Amino acid sequence: LYNRRGFATFVQCVDCGGAYKCPSCNVSLVLHQKMRTLSCHYCGFHRKFQGDCPQCSGALEIRGQGTERVEAILKEAFPDVPIARMDADSTSSRGSHHKILAAFQRGESRLLIGTQIVAKGHDFPGVTLAVVLGADHTLMMPDFRAAERSFSLLTQLAGRAGRGSSAGRVLVQTYHPEHFALKLLGDYQRFFVEESKSREVLGYPPFSRLSLVRFEGVNRSDVLFSAREVSERLRGTCDGRTVQVLGPAPAALPRLLGRWRYQIILRGMDAAVFRKWVAQADLSPKNKKGVRVVVDVDPRSLM
């Protein structure tokens, strides 16, 4: 499992530092080597990969990696082992997902590489080794549920190995082997205790209730002005203890699909009080047309 698709996460000029970025989302375009395209995984923008710098026409250096690059490296390391890759690119055509798994079941491919879809409920008794590359990608995400999601995903992948008569092994590549989410893999109760301690100290669910309020618009200054205006108004209606207003701050992806995004987080330490306060709160910005407000109650992600 390597939870990033494509060949490389970005390409950069060794002379001027120029790089290919999405014009709508301002994120690096991912190189897909087989199709010779650079793609944005958020809005779908893509362009042909020319092999030279978009700014000075200098030489480009390919950096980062995805499942496509991992596949290429493993084919060099194990030339006699038939390898298959399963991600959003290789399963885009109808029936391809079933064909890849069926070939793996029959032993026509012996090593299966993919994103998190390779961890989801597959039952292959002959699999005795499961490997996670770059576990820190999910563990270090800017979201309070990152440890929980990492623990869940790694536990799912570990369950793919050793389902037959032979014992299974699980290898996890990480820069943070001391992190409790990795040290406690397989011990659900201790992980629950450790994660609960952290959540309680920081005031995250289930010890509080959250609502995410995101402001989006084409004009950056208008969006930021609206987010600040609403947050200050809301602070004037709460005590700052039982109910708190955090932000505004740029979203994890500040610009997406051509729209700038800022957000505030509303946190309540008493569910009944918080519910009543949110129901009466005015979240509409004043005199700012073109700014959209999106409210997510009990958000599954703060991204």
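The structure under discussion appears in the preceding block.
As a starting point, this report considers the structure included with it. A quick note: this is a predicted structure, and the numbers were derived from the prediction, not measured.

The subject of this paragraph is the overall build of the chain. Counting its secondary structure elements, the chain contains 8 helices and 13 strands. Structurally, the chain occupies a C-alpha span of about 70 × 55 × 35 Å along its principal axes. Counting every position in the chain, which comprises 303 residues, the buried fraction comes to 40%. Taking the intrachain contacts of the chain between residues at least 6 apart in sequence as the baseline, contacts between residues at least 24 apart amount to 68%. Accessible surface, the chain as shown: approximately 16800 Å² in total, 52% of it carbon and sulfur. In the chain, the 43 positive side-chain charges and the 28 negative ones have mean positions that sit 4 Å from each other.

Between Pro-205 and the following residue, Pro-206, the backbone shows a cis peptide bond with an omega angle of 15°. Of note, the amide linkage connecting Gly-247 to Pro-248 takes the cis form, showing an omega dihedral of 10°. Tracing the backbone shows Pro-248 in strand 11 (residues 243–256). Positive phi, normally seen in glycine, also occurs at Ser-57, with a value near 65°. Note on placement: Ser-57 falls in the loop between strand 4 (46–48) and strand 5 (60–63). Backbone geometry at Leu-257 places phi at a positive 55°, although glycine is not the residue there. By the element assignment, Leu-257 lies in the loop between strand 11 and strand 12 (259–268).

Turning next to a nonpolar patch on the surface. On the surface, a nonpolar cluster with roughly 220 Å² of combined accessible area is contributed by Leu-129, Val-131 and Leu-171. Within the secondary structure, Leu-171 sits in strand 9 (residues 169–172).

Bringing helix 1 (residues 67–77) into the picture now. Inspection of helix 1 places Thr-67, Glu-68, Val-70 and Glu-71 among the buried residues, and these make up the whole buried set. Angular distribution of buried residues about the axis of helix 1 spans 155°; they occupy a single face of the element. Where helix 1 is buried, its residues contact strand 2 (30–32), strand 6 (83–86) and strand 7 (111–114).

A complete count under the given rule lists 18 salt bridges for this structure. Residue Glu-216 is joined to Arg-259 by a salt bridge in which the shortest nitrogen-to-oxygen separation is 3.9 Å. With Glu-216 in strand 10 (residues 209–217) and Arg-259 in strand 12, the pair connects residues that are 43 residues apart, well separated along the chain. With a closest N to O distance of 2.9 Å, Asp-282 and Lys-286 form a salt bridge. Through salt bridges with shared partners, a single network forms among Glu-71, Lys-75, Arg-85 and Asp-87.

This part covers the packing of aromatic side chains. Within this structure, the stated rule accounts for 7 aromatic pairs. Where Phe-104 meets Phe-124, the ring centres are 5.1 Å apart and the plane angle is 90°; that geometry is what we call edge-to-face. Of this pair, Phe-104 sits in helix 2 (residues 96–106) while Phe-124 sits in the loop between strand 7 and strand 8 (129–132), and the two are 20 residues apart along the sequence. Assigned by exposure class, Phe-104 and Phe-124 land together as buried. Here the aromatic rings of Phe-151 and Tyr-188 are separated by 6.0 Å at their centres, their planes lie at 80°, and the arrangement is edge-to-face. Residue Phe-151 is located in helix 4 (residues 146–158), and its partner Tyr-188 is located in helix 6 (residues 188–202); the two are separated by 37 residues in the primary sequence.

Overall, antiparallel pairing links the 3 strands, which are arranged 2-3-4 in an open sheet. Both edges of this open sheet fall to strand 2 and strand 4, since each of them pairs with a single strand only. Direction aside, the axes of adjacent strands within the sheet are offset by 25° on average.

This part takes up the sheet that holds strand 12. The sheet built from 4 strands is open, its strands ordered 11-12-10-13 with antiparallel pairing. Since the sheet does not close on itself, it has two edges, and those belong to strand 11 and strand 13 (292–297), each with one partner. Averaged over neighbouring strand pairs, the angle between their axes works out to 20° when direction is ignored.

Taken as a whole and judged by the stated rule, the model has 0 disulfides. With no disulfide of its own, Cys-13 has Cys-56 as its nearest cysteine by sulfur position, at a separation of 3.6 Å. Not part of a disulfide, Cys-43 finds its nearest cysteine sulfur in Cys-22, a span of 3.5 Å.

Criteria and thresholds
- Residues numbered from 1 in each chain as written.
- Predicted model: local features only at pLDDT ≥ 70, side-chain atom pairs only at ≥ 80, totals over all residues.
- Heavy atoms only, no water.
- Helix = DSSP H or I, 4+ residues; strand = E, 2+ residues; numbered from the N terminus.
- Buried < 20%, exposed > 50% of the residue type's maximum accessible area, 1.4 Å probe, protein only.
- Contact = heavy atoms within 4.5 Å.
- Areas by Shrake-Rupley, 256 points an atom, 1.4 Å probe, with all protein chains shown as cover.
- Lys, Arg positive; Asp, Glu negative; His and termini not counted.
- Charge placed at Lys NZ, Arg CZ, Asp CG, Glu CD.
- Patch = residues over 30% accessible without salt bridge, like charges linked within 9 Å, V, L, I, M, F, W, Y side chains within 5 Å.
- Salt bridge = Lys/Arg side-chain N within 4 Å of Asp/Glu carboxyl O.
- Arc of directions from axis to C-beta.
- Phe/Tyr/Trp six-rings, centres within 6.5 Å; stacked < 30°, edge-to-face > 60°.
- Pairing = 2+ DSSP bridges.
- Axes fitted to C-alpha atoms, helices over the stretch in contact; angles between N-to-C directions.
- Disulfide = S-S within 2.5 Å.

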